[in-house]
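Working through the structure, step by step
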Amino acid sequence: MQPALFALALQVLRWPVDAPPQVDGRLDEAFWHKVPESTEFYQVLPQAELPAPFLTSVRLARDDHSLYIGAVMEDPPGAARQSNVSRRDHIAASDDSLTLILDPEGTRVFGQVFQVNPDCSINDGLYKEATLSTDLSVDYFHTVACEQTETGWSVEWQIPLQELRFAQDQAQPWNLLVQRNLVRDQRRMVANAPLPRDPLCLLCLAPALESSGPLPEPSFLRITPYAMARRTDKVRISNGLDLKYRVNAASILDATVNPDFSQVTLDEPQLSANTRFAVSYPENRPFFLEGADILETPLKVVATRSIIQPSWGLKYTQRSTDNDTMILIGDDRSANRILLPGAYRSRFQLIHARQKFLIGSSQWKAEDWQLGLTWTSRSYEELGSNQTLGLTAMHYLSRENSLRWQSILSQSHDAWDSPREKSGNAHFLMFQHKGGTWHSSLELKSFSDAFRSDLGFNPRNAYRLGILTNSWHQDWDETHIAWYVRASRKTELSPRPIQDQTAPGVTITGLWGAELSWETRPDTWERTHADGPLHRYQQHYLSLGFYPGSLLTWLQCDLTWGERLDVTDDRVRPGRVENCTARLALGKKVEWNASVSQERLNEEHWQDSEHSVLVNRALRHLVVVPLNSHLALRYIRQEEKARRIGLSPSHTETDSWNVSYEDHESLTIHVGATISRNSRETLRDYYLKLSTSLPWN
C-alpha cells in the first residue's frame, strides 16, 4: 500500500567515514547534534492518534558499513520505569522498551525488528505485514548500548548493513516505524506515525527514510563449525558445518552439512489426553530461519519442524523490489512419522526410509497486492511421495479492507495404502474490515479428503469451515471496550455438520494494561466421529491478563467451564480447562516463568479431582539467571500427567540444566543435562556443544 500522507520522511545523515561513533548509549559525539532529530510521536494506547504526552527523540545516520540509530526517551512523571535484565528475545511486555520495525526493501511487506529495554536486553526478528505477526526466532548481528538517567534513558544502535535485507535493484526508500512501550498505571504506547488502535497494517503507515548517496553492495561469508559430545547410554561425538554467503545485497546462500538440530531448550508440554489431532511446535533452528517470512502462508503448507535429521541442506534466498524467492533442498535420514489428516482425527504412518525434500516459494509485490507461488516435494525412496503446488494472494482493497486467498493442490503416492495415488486440494479465503468503531471478518476454509502436505502442518482434511466475526469498539475515558459476536460452522464435504457454535463476548482493556475477556458459548453442537451423534453443550470463558508490577511482571489466567466433549467416550461431561502463566523478576537478575494447564472431566459439576473421569495436567517452570549479556544459567522443570478412570495413569517429569555462553559474533558454548522420568524408565542426557562463527569479509 502507498504510505499515508502524514508519513513524513525521516532524514538519515551520512556519518564521517573516519570517525564512527562509540556505541555507548550516551549520544555525546558532536556529530549527533548535526543529525536531524525526529520528535513527532503519537499515542497508540490508551487513546489512539493523539499527540504523545512525553518526549521521544530519534536520530539516524549511516556510513558505508552500518546504520546508526540514537534515541532519547524521557520518562513521564509518576511511577518508576519498568525494566529487567532478560535473555535474548524475552523482553517482558511490562518493560519499558523501544522497537524499530525497519523495512529495508521499501515494499511495506516485511520488516526486520529490533527492540531494546532500558537494561539493554534485546529482541530481534522478522515482522510480516500480511499477518501483523513477529517471529523472534530470527537473530541478527548488531551492537546496542543503553544509558539510564533520573529523567529517562537513551540508546545507541549499530546495525551492519550486511544484516539488512534490502533489494539489489533498490529504487524505493526504506521505511521505519518506531514504537515505544510503557506500563505505569496504564499500558501506554506511542509511535512515530498516528496508528489506529487495531490497524489493518503497520508498515503501510511507516515514515520513509531519506538517505544521501548510494548504498554499498554488502557481501560476506560466514562459516560456523560445531562439535558436540553427548552421553545417553554411551558417549557420542558429532561435528558439522553451517555456511552463510551473502552474494550481494539481495541474495543469500545457506548451506549445512551434518547439522546438529538438537534443541538446547525444551518444547513446552501441551494438554493432549482429550484431543484427536496432532499438535505443532515452533521452529527454533537457525538454518531454517533465513527467509522464513517467504514460506509463511495461511494454510501451513510448509512447517520445517517436519524435517527431523537432515545430513545436508542447501537454501537460496533472494529479495528484490518486486519479488522474493526462496528454494530449500536436502535430505532427512531419520525415521519419520507422516501426518495423515482426517475430518475427525489425525493419524501417523511411520516411515523407515531416507527422504529427499524440496521447498520453493516466490512472492511478487506491488502497491496494494501480493501474489505468491509455493511448491513442495518429499519422497520416501520406493515407499511413496507427496507434492503440493499452491497460489496465495493478498489484496488491500483500501486502508480499512483487505482480501486474502490461497489454493493448494496435492498429489500423494503411498505404497502402504490403497488407492496408492491420491489427489487433493485445499482453499482459504478471508475478508477483513477494520474501520472506525466496527470491525468484521469472514474466513472460509475447505479441504478435500485426499489433501495432504507432508512438509507442512495440516492435521485435518475432508471438511469445510466458515467463521464470521463482528465487533464494535468504543473508548470510555482511558478504557477500551470491544463487544463481539463470532459464529462458526464446520461441516463434512457432504455438508453434514461437524460443529456449530455462536459465541458473544466482550473485551475490556484498562488500568495496568489489564485485559479482561468474557465469552459465553450457549449453544455448541459437535460430533467426534462420522457415525456418532451430534452433541449439544454449553460453555463459558473468562480471561484476565495484566502487569501487576516490577516483581510480578505478567500474569495471565484463562478459565473455560461448563460442559466439555469427552472424545474418548463420545459423550458430554461437566468439565473445565484452566491455564495460568506468570513471569517474575527477582532483583533484576533472575527471571522465573511458570505455566500450568489442567483439564478435568467429571461425572458431576465441581467434583473433586480424586473422582474425576479425566485429569490432564501440564506444568512448566523456567528459571533464567543472565549473569551478563553473554552468559546465562537456565533451569527447566516440566511435568505431564494424565489419569483416566479405567486406564493406567501416565506421568512424565523432566529436569534440564544449562549453562550458555553466546557471543553472537564468534563463540557459542552450551553445557547441560536433561533427565526425564516416567513409570517405566529414567533417561539421562549430558551434552557439551561448541560452535564458532568465522567471518570472511
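Everything numeric here is computed off the predicted structure, so don't read it as measured data.

Conventions we followed
Residues numbered from 1 in each chain as written. Predicted model: local features only at pLDDT ≥ 70, side-chain atom pairs only at ≥ 80, totals over all residues. Heavy atoms only, no water. Helix = DSSP H or I, 4+ residues; strand = E, 2+ residues; numbered from the N terminus. Rg over C-alpha atoms; globule rule 2.2 N^0.38 Å. Buried < 20%, exposed > 50% of the residue type's maximum accessible area, 1.4 Å probe, protein only. Contact = heavy atoms within 4.5 Å. Areas by Shrake-Rupley, 256 points an atom, 1.4 Å probe, with all protein chains shown as cover. Lys, Arg positive; Asp, Glu negative; His and termini not counted. Charge placed at Lys NZ, Arg CZ, Asp CG, Glu CD. Pairing = 2+ DSSP bridges. Axes fitted to C-alpha atoms, helices over the stretch in contact; angles between N-to-C directions. 1 Å grid on protein atoms, 1.4 Å probe; cavity = no way out; pocket = protein on both sides within 12 Å on 5 of 7 lines; lining within 4 Å. Points joined across faces, edges and corners; volume = space filled by probe spheres on them. Nonpolar A, V, L, I, M, F, W, Y, C, P; charged D, E, K, R; others polar. pLDDT = per-residue confidence, 0-100. Core = buried A, V, L, I, M, F, W, Y, C linked by side-chain atoms within 4.5 Å. Phe/Tyr/Trp six-rings, centres within 6.5 Å; stacked < 30°, edge-to-face > 60°. Lys NZ or Arg CZ within 6 Å of the ring centre and 35° of its normal. Patch = residues over 30% accessible without salt bridge, like charges linked within 9 Å, V, L, I, M, F, W, Y side chains within 5 Å. Salt bridge = Lys/Arg side-chain N within 4 Å of Asp/Glu carboxyl O.

This next bit is on the overall build of the chain. Helices and strands together make up the secondary structure of the chain, namely one helix and 40 strands. Radius of gyration (C-alpha) of the chain: 26 Å, near the 26 Å computed for a compact globule of 697 residues. Dimensions along the principal axes, computed over C-alpha positions, put the chain at roughly 75 × 60 × 50 Å. Looking at the chain residue by residue over its 697 residues, the buried ones come to 54%. Considering only intrachain contacts with a sequence separation of at least 6, the fraction spanning at least 24 residues in the chain is 59%. Of the roughly 30600 Å² that the chain leaves accessible, carbon and sulfur atoms contribute 56%. For the chain, the centre of its 72 positive side-chain charges and the centre of its 86 negative side-chain charges are spaced 6 Å apart.

The strand order β2-β12-β11-β5-β6-β7-β8 describes an open sheet built from seven strands, whose pairing is antiparallel. If you trace the sheet from one side to the other, it starts and ends with β2 (42-45) and β8 (133-135), each paired once. Mean inter-strand twist for the sheet, computed between neighbouring axes without regard to direction, equals 30 degrees. Across five bridges, the pairing between strand β11 (residues 175-183) and strand β12 (residues 187-191) is antiparallel. Opposite valine 183, over in β12, you have arginine 187 as the bridge partner.

What follows deals with empty space enclosed by the protein. This model, assessed by the stated rule, comprises six cavities of 30 Å³ or more. Approximately 120 Å³ is the volume found for the largest cavity. Forming the walls of the largest cavity are 15 residues, and the residues nearest its centre are Lys128, Gln363, Gln370, Gly372 and Thr392. Put simply, the parts of the chain that give the lining of the largest cavity at least two residues each are β21 (355-365), β22 (369-379) and β23 (384-396). Ranked by residue count, the leading element in the lining of the largest cavity is β22, at four residues. Partitioned by chemical class, the residues of the lining of the largest cavity number five nonpolar, seven polar and three charged.

Moving on, we come to the sheet that holds strand β4 (residues 66-74). With respect to topology, six strands assemble into an open sheet ordered β9-β10-β4-β3-β1-β13, the strand pairing being mixed. A strand with exactly one partner marks an edge of an open sheet, and here the two such strands are β9 (143-148) and β13 (209-211). Strand after strand, the sheet turns through a mean of 20 degrees between neighbouring axes, direction not considered.

Now for the confidence of the model for the chain. Note that predicted coordinates carrying low pLDDT should not be read in detail. When the pLDDT values of the chain are averaged, the result is 87; 95% of them are 70 or greater. Here strand β40 (residues 694-696) stands out as the least confident element of the chain, with mean pLDDT 72; strand β26 (residues 438-447) is the most confident, with 96. Segment residues 1-8 is flagged for pLDDT under 50; beyond a separation of four residues in sequence, or across chains, it makes 27 contacts in the model.

Another point: the nonpolar core. Residues Leu98, Val116, Val155, Trp157 and Leu164 are the most contacted members of the largest nonpolar core, which totals 37 residues. Valine 155 has contacts with Gly25, Leu27, Ile69, Gly70, Ala71, Met73, Leu98, Val116, Val144, Ala145 and Cys146, leaving out every residue within four places of it along the chain. In terms of nonpolar packing, the next biggest core, distinct from the first, is built from 25 residues, Met326, Phe451, Ala462 and Leu465 among them.

Turning our eyes to something else, we now look at the packing of aromatic side chains. Enumeration over the complete set of coordinates arrives at five aromatic pairs. For the ring pair phenylalanine 287 and phenylalanine 288, a centre distance of 5.3 Å and an interplane angle of 75 degrees mean the geometry is edge-to-face. Considered together, phenylalanine 287 and phenylalanine 288 belong to a single accessibility category, that of buried residues. Taken together, the aromatic side chains of Phe447, Phe451 and Tyr463 make up a single cluster linked through ring pairs. A cation over a ring is seen here: arginine 319 above phenylalanine 110, with NZ or CZ 4.0 Å from the ring centre. A cation sits over an aromatic face here: arginine 337 above phenylalanine 348, 3.9 Å from the ring centre.

We now examine the pairing of strand β28 (residues 479-491). Where strand β27 (residues 463-476) and β28 come together, 13 bridges link them in antiparallel fashion. In the strand pairing of β28, tryptophan 472 is matched with tryptophan 483. Counting the residues in the hairpin turn of β27 and β28 gives two residues, including aspartate 477, whose phi is positive at 55 degrees. Pairing between β28 and strand β29 (residues 497-509): 12 bridges, direction antiparallel. The partner of serine 488 across the bridge, within β29, is glutamine 501.

Let us now look at a nonpolar patch on the surface. Together, Trp364, Trp369, Leu371, Leu391, Leu397, Leu403, Trp405, Leu429, Phe431, Leu442, Leu444 and Leu468 line one region of the surface with nonpolar side chains, adding up to about 950 Å² of accessible area. With respect to the helices and strands, the residue phenylalanine 431 is situated in strand β25 (residues 421-435).

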